[in-house]
Amino acid sequence: LRKIKVYGALRRFLNWETGTFLADISNVAEVGRFLVANWPEVEKHMADQHYKIYVGKYNVSEEELSLPIGQIEEIKIVPIAVGAGPWVESQLVLA
């Protein structure tokens, strides 16, 4: 199982005190499917927000969402302010 950590408004929306989940996933795109399967309304919540997604300390790009990831590093979904640099749009994560 992979550790997934969510932060900020997403964590509050999911109403999960620790913001940490365990899921059987093999790439970052599957994180979105995990979230939607457990909280169907999360897709609408995330539609107008932007996130950086990290595997360990590595910032995952849009092109890398479907690539296999290792088994050790945790995945972090971190909200960012618009204008703070490149981001992965939430719609891509939830696809």
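Preceding this paragraph is the structure being described.
Rules and cut-offs
Residues numbered from 1 in each chain as written. Predicted model: local features only at pLDDT ≥ 70, side-chain atom pairs only at ≥ 80, totals over all residues. Heavy atoms only, no water. Helix = DSSP H or I, 4+ residues; strand = E, 2+ residues; numbered from the N terminus. Buried < 20%, exposed > 50% of the residue type's maximum accessible area, 1.4 Å probe, protein only. Lys, Arg positive; Asp, Glu negative; His and termini not counted. Salt bridge = Lys/Arg side-chain N within 4 Å of Asp/Glu carboxyl O. Polar contact = N/O pair within 3.5 Å; in protein donor to acceptor, adjacent residues only side chain to side chain. Core = buried A, V, L, I, M, F, W, Y, C linked by side-chain atoms within 4.5 Å. Contact = heavy atoms within 4.5 Å.

**Q** Looking at this structure, how should I read unusual backbone geometry?
**A** Residue Asn-15 is not a glycine yet carries a positive backbone phi of 55°. Relative to the assigned elements, Asn-15 resides in the loop between helix H1 (8-14) and strand S2 (20-23).

**Q** Would you explain the side chain of Arg-2 in this entry?
**A** Assignment of secondary structure puts Arg-2 in strand S1 (residues 2-6). One buried charged side chain, Arg-2, makes no salt bridge at all; its nearest oppositely charged neighbour is Glu-73, positioned 7.4 Å away. A polar atom in the side chain of Arg-2 sits 2.8 Å from the backbone oxygen of Glu-73.

**Q** Would you take a moment to explain the nonpolar core for this structure?
**A** Buried together is how nonpolar side chains tend to be arranged in soluble globular proteins. Counting residues in hydrophobic clusters, the biggest one holds 23 residues, and the most contacted among them are Ile-4, Leu-10, Leu-14, Leu-35 and Ile-77. Of all the secondary-structure elements, those providing two or more residues to this core are S1, H1, S2, helix H2 (29-38), helix H3 (42-46), strand S3 (50-55) and strand S5 (75-79). Ranked by the residues each element gives to this core, the list is headed by H2, at four residues. Apart from the residues within four sequence positions on either side, Ile-4 is in contact with Gly-19, Thr-20, Phe-21, Ala-23, Ile-25, Val-31, Phe-34, Ile-75 and Ile-77.

**Q** Looking at this model, I keep getting lost on the environment of Tyr-58. Mind explaining?
**A** By the element assignment, Tyr-58 lies in strand S4 (residues 58-59). Setting aside chain neighbours within four positions, we find Tyr-58 in contact with Ile-53 and Glu-64. One polar contact links Tyr-58 to Glu-64, side chain to side chain, over a distance of 2.6 Å.

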